Amino acid sequence: DVKVTQSSRYLVKRTGEKVFLECVQDMDHENMFWYRQDPGLGLRLIYFSYDVKMKEKGDIPEGYSVSREKKERFSLILESASTNQTSMYLCASSSTGPEAFFGQGTRLTVV
Amino acid sequence: AQSVTQLDSQVPVFEEAPVELRCNYSSSVSVYLFWYVQYPNQGLQLLLKYLSGSTLVKGINGFEAEFNKSQTSFHLRKPSVHISDTAEYFCAVSDDDMRFGAGTRLTVKP
């Protein structure tokens, strides 16, 4: 089975902190994605990556950056966390097929 | 870019009743279509997918969906729901990347 692992299920951070959300997949997938999920808005794409050291902006990249130094790992970075970034963050990966596999999610609270 | 509209934000039904969750997409090219389910405090789990071929797609847990190209719809159905089907359901469309609808919260009441 494909496994996508997000490093934390729950995080609480202070406003202004630099926050790293880590995601690792074990199936050698080329594509990786970061979404945020908010009630009534569904999943919105923040960033995605088709290859190592490659990144593309999604619909809501402002306030975020990403890093993909190794194929299996895709990190989401909040340079200076703000309260409006309190959300559920979901990582996903896919290969040549279009189906995406999701991690369990990280619920981030910024206080 | 493609987009997805889920027409109902909440659907309450009684146990053993049939249910339909509606999804429309906008795209002028061939797309792949998906339904995912999310149980509380969980990630998303694939219910079913349409890639090509038969327009009626069967998935896990007794769900099925019908791809209708002329109406750009991909509605999810189940003939008889259980309490355990209570969850949030997301329709998604994919070509270069994957875009999701806002979700439909299905609540099954005893």
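Conventions and cut-offs
Residues numbered from 1 in each chain as written. Chains lettered and ligands numbered in written order. Predicted model: local features only at pLDDT ≥ 70, side-chain atom pairs only at ≥ 80, totals over all residues. Heavy atoms only, no water. Helix = DSSP H or I, 4+ residues; strand = E, 2+ residues; numbered from the N terminus. Rg over C-alpha atoms; globule rule 2.2 N^0.38 Å. Buried < 20%, exposed > 50% of the residue type's maximum accessible area, 1.4 Å probe, protein only. Areas by Shrake-Rupley, 256 points an atom, 1.4 Å probe, with all protein chains shown as cover. Lys, Arg positive; Asp, Glu negative; His and termini not counted. Charge placed at Lys NZ, Arg CZ, Asp CG, Glu CD. Pairing = 2+ DSSP bridges. Axes fitted to C-alpha atoms, helices over the stretch in contact; angles between N-to-C directions. Contact = heavy atoms within 4.5 Å. Buried area = accessible area lost by both parts, 1.4 Å probe. Polar contact = N/O pair within 3.5 Å; in protein donor to acceptor, adjacent residues only side chain to side chain. Nonpolar A, V, L, I, M, F, W, Y, C, P; charged D, E, K, R; others polar.

Draft legend 1. Examining the overall build of chain A more closely. Scanning chain A from N- to C-terminus turns up zero helices and eleven strands. In chain A, the succession of helices and strands from N to C terminus is β-β-β-β-β-β-β-β-β-β-β. Radius of gyration (C-alpha) of chain A: 13 Å, near the 13 Å computed for a compact globule of 111 residues. Going through the 111 residues of chain A one by one, you find that 50% of them count as buried. As displayed, chain A has an accessible area near 5400 Å², and 50% of this comes from carbon and sulfur atoms. Positive and negative side-chain charges in chain A, numbering 15 and 15 respectively, have mean positions lying 7 Å apart.

Draft legend 2. Examining the sheet that holds strand β7 (residues 64-70) of chain A more closely. Residues and elements named next belong to chain A. The four strands are arranged β1-β3-β8-β7 in an open sheet whose pairing can be described as antiparallel. The open sheet has two free edges, formed respectively by β1 (4-6) and β7, since each of these has just one partner strand. On average, each strand axis in the sheet is inclined to that of its neighbour by 20 degrees, with strand direction left out of account.

Draft legend 3. Here's a closer look at the interface of chain B and chain A. With 20 residues of chain B at the interface, the matching set in chain A holds 21 residues. The largest share of the area that chain B buries against chain A comes from B:Asn41, B:Leu44 and B:Phe100, three residues that together contribute 27% of it. Across the chain B-chain A interface, the total number found is eight residue pairs in polar contact (both at pLDDT 80 or more). The set of elements that each furnish at least two residues to the side of chain B that touches chain A consists of β5 (32-38), β6 (45-50), β10 (87-94) and β11 (98-100) of chain B. The element contributing the most residues to the side of chain B that touches chain A is β5(B), with four residues. Looking at the side of chain B that touches chain A residue by residue, the class counts come to ten nonpolar, six polar and four charged.

Draft legend 4. Main features of the pairing of strand β1 (residues 3-6) of chain B. Residues and elements named next belong to chain B. Across the two faces of β1 the burial differs, with Val4 and Gln6 buried and Ser3 and Thr5 not buried at all. Judged from the four bridges that link them, β1 and strand β4 (residues 23-26) form a sheet pairing that is antiparallel. Bridge pairing links Ser3 to Ser26 in β4.

Draft legend 5. Representation of the pairing of strand β9 (residues 73-78) of chain B in the model. Residues and elements named next belong to chain B. Taking burial as the measure, the six residues of β9 include five buried ones, the bulk of the element. Bridge count between strand β3 (residues 19-21) and β9: three bridges; the pairing is antiparallel. Counterpart to Leu21 in the pairing with β9 is Leu76. The pairing of strand β8 (residues 64-68) with β9 spans five bridges and is classified as antiparallel. Directly across from Asn68, in β9, lies its bridge partner Ser73. Linkage of β8 to β9, two consecutive antiparallel strands, is achieved through a turn of four residues, within which Thr72 is found at a positive phi near 45 degrees.

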